[in-house]
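The chain contents come next:
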Amino acid sequence: MSARQSPRRGRPGTASPPARIERRNALFQQWQALLTNRTKRTRSGEMLIQGVRPITQAISHGVEIRALLSDGREQPSRWAQDLLANAPAPVVVLAPELMAELGEREDGAPELLALAAVPSDSLDRLEPTGASLVVVFDRPSGPGNIGSLARSVDALGADALLLTGHSADAWDPAAIRASTGSLFAVPVMRLPSHREVLDWLTRRRALGEPWTVLGLDEAGGHDLAAADLTGPTLLVVGNETVGMSSGWREACDVIAEIPMTGAASSLNASVAGSVALYEARRQRRAAAP
């Protein structure tokens, strides 16, 4: 499975940002709101990206950059020099104290930040293959867990991460930081409920694709290692506290558990998803000719 480039959400008629901002103004406050206000991110279709690796990953994977924010230091790092020399968007120089606020750092201003468009949530971005592995995170409540699971999706060879139901936001700065940029390396879509994913799955099965829906549960009764994860698989990870919704539970072909010892009653949701992704990778490598 591969990801098509997300449609760019341009804003015709919007003026280019100013080349320099020295004090707090309306535009700065708009950008600052993107850090904490999900509604602002949704309405504007924009997010702020902090950190060297997340910014690098976003640019290299075709995320639309709308402005590159700089602290204007006289001797930037080689990374910043190269990026500013081939800037993917207009460069705006902010006073260092303003950059420190947007970077949410106490140790000084970051060199660069990126204002970027939020990628499309359309399932049309997915192009399944015969060995696709798609992860669903149902109603996650913590942005850090979203980022951590996205990192495992990227590292262990899955094809996409879908967030269903009322959930934390994938484009929260905490999620982006936890993913170390992997949220930009794999398709990530947010869907209102399980129904949209199941409709998509029905269409794929109608084309003859033998998809299996496997859900994780601490008392699933079926050992994860005994489940066949070599074919196209939809792996469902439930909410950190209450697990999968009834809709997802009914949709599962298999509900599997991860055998555990010790006093722990369950695993962190992103950890459980990572274990299942590793098992899928192990089985697929063993089955490869």
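Each value, and the rule that gives it
- Residues numbered from 1 in each chain as written.
- Predicted model: local features only at pLDDT ≥ 70, side-chain atom pairs only at ≥ 80, totals over all residues.
- Heavy atoms only, no water.
- Helix = DSSP H or I, 4+ residues; strand = E, 2+ residues; numbered from the N terminus.
- Buried < 20%, exposed > 50% of the residue type's maximum accessible area, 1.4 Å probe, protein only.
- Contact = heavy atoms within 4.5 Å.
- Salt bridge = Lys/Arg side-chain N within 4 Å of Asp/Glu carboxyl O.
- Pairing = 2+ DSSP bridges.
- Axes fitted to C-alpha atoms, helices over the stretch in contact; angles between N-to-C directions.
- Domains from an automatic or database assignment.
- Buried area = accessible area lost by both parts, 1.4 Å probe.
- Polar contact = N/O pair within 3.5 Å; in protein donor to acceptor, adjacent residues only side chain to side chain.
- Nonpolar A, V, L, I, M, F, W, Y, C, P; charged D, E, K, R; others polar.
- Phe/Tyr/Trp six-rings, centres within 6.5 Å; stacked < 30°, edge-to-face > 60°.
- UniProt positions renumbered as here; feature names shortened; annotations may be inferred.
- Patch = residues over 30% accessible without salt bridge, like charges linked within 9 Å, V, L, I, M, F, W, Y side chains within 5 Å.
- Areas by Shrake-Rupley, 256 points an atom, 1.4 Å probe, with all protein chains shown as cover.

Looking at an unreviewed UniProt entry, one finds the chain named rRNA methylase, with Brachybacterium faecium as its source organism.

1. Examining the overall build of the chain
For the chain, the count of helices and strands is 10 helices and 13 strands. C-alpha extents for the chain along the principal axes are approximately 60 × 45 × 40 Å. Each of the 289 residues in the chain was classed as buried or not, and the buried ones make up 49%. Considering only contacts in the chain between residues 6 or more positions apart, those separated by 24 or more positions represent 76%.

2. Remarks on the pattern of salt bridges
Taken as a whole and assessed by the stated rule, the structure comprises 16 salt bridges. For Arg-66, the salt bridge is made with Glu-46, and the minimal N-O distance between the two is 3.0 Å. Of this pair, Arg-66 sits in strand E4 (residues 65-70) while Glu-46 sits in strand E3 (residues 46-49); the two residues are 20 residues apart in sequence, bridging distant segments of the chain. The pair formed by Arg-66 and Glu-46 is uniform in burial state, with each residue classed as buried. Two residues, Glu-279 and Arg-282, come together in a salt bridge whose shortest N-O distance is 2.6 Å. Pair noted here: Glu-279 and Arg-282 are both in helix H10 (residues 269-287), with a separation of 3 residues, about one helical turn. The class of Glu-279 is buried, set by a relative accessible area of 11%. In the salt-bridge network here, residues are joined through shared partners; they are Arg-41, Asp-121, Asp-169, Asp-172 and Arg-190.

3. With respect to the sheet that holds E4
The strand order across the open sheet built from 5 strands is E2-E5-E4-E6-E3, with neighbouring strands paired in mixed fashion. Both outer strands of the open sheet, strand E2 (20-21) and E3, are each paired with one neighbouring strand and no more. As judged from the 2 bridges shared by E2 and strand E5 (residues 91-94), these two strands associate in the parallel manner. Opposite Ile-21, over in E5, you have Leu-94 as the bridge partner. Relative to the sheet, helix H1 (residues 26-36) contacts E2, E3, E4, E5 and strand E6 (112-117), its axis offset from that of E3 by approximately 80 degrees.

4. A word on the domain arrangement of the chain
As assigned here, the chain comprises domain 1 (20-117) and domain 2 (123-287). Just the C-alpha atoms count here: the centres of domain 1 and domain 2 sit 31 Å apart. Between domain 1 and domain 2, the contact holds 14 residues from the first and 12 residues from the second. Each partner contributes to the roughly 1200 Å² buried at the junction of domain 1 and domain 2, and carbon and sulfur atoms together form 56% of this total. As a salt-bridge pair, Arg-41 and Asp-172 come within 3.9 Å of each other at their nearest N and O atoms. Inspection of the domain 1/domain 2 interface yields 5 residue pairs in polar contact (both at pLDDT 80 or more). Mapped onto the side of domain 1 that touches domain 2, the elements with two or more residues apiece are helix H2 (38-44), E3 and helix H3 (52-60). A per-element tally of the side of domain 1 that touches domain 2 places H3 first, with 4 residues. Among the residues forming the side of domain 1 that touches domain 2, the class breakdown is 7 nonpolar, 3 polar and 4 charged.

5. Digging into the packing of aromatic side chains
Scanning the model with the defined rule gives 2 aromatic pairs in all. Ring geometry for Trp-171 against Phe-184: centres 5.8 Å apart, planes inclined by 15 degrees, an arrangement best described as stacked. Taken together, the residues Trp-171 in the loop between strand E9 (160-164) and helix H7 (173-179) and Phe-184 in the loop between H7 and strand E10 (188-191) connect sequence positions 13 residues apart. In this pair, the class of Trp-171 matches that of Phe-184, namely buried. When the ring of Trp-200 is compared with that of Trp-211, the centres are 5.4 Å apart and the planes differ by 75 degrees; the resulting orientation is edge-to-face. Taken together, the positions of Trp-200 in helix H8 (residues 194-206) and Trp-211 in the loop between H8 and strand E11 (212-216) put the pair 11 residues apart, joining distant regions of the chain. Considered together, Trp-200 and Trp-211 belong to a single accessibility category, that of buried residues.

6. Considering the UniProt feature "domain: SpoU L30e-like N-terminal" (unreviewed entry) in the chain
The residues that UniProt annotates with the feature "domain: SpoU L30e-like N-terminal" (unreviewed entry) are residues 25-114. Helix and strand shares over residues 25-114 are 48% and 19% respectively, and the end C-alpha atoms of the span are 18 Å apart.

7. Description of a nonpolar patch on the surface
A contiguous nonpolar patch, built from Met-260, Leu-267, Val-271 and Val-275 and spanning about 260 Å² of accessible area, is present on the exposed surface. As for its position among the elements, Val-275 is in helix H10.

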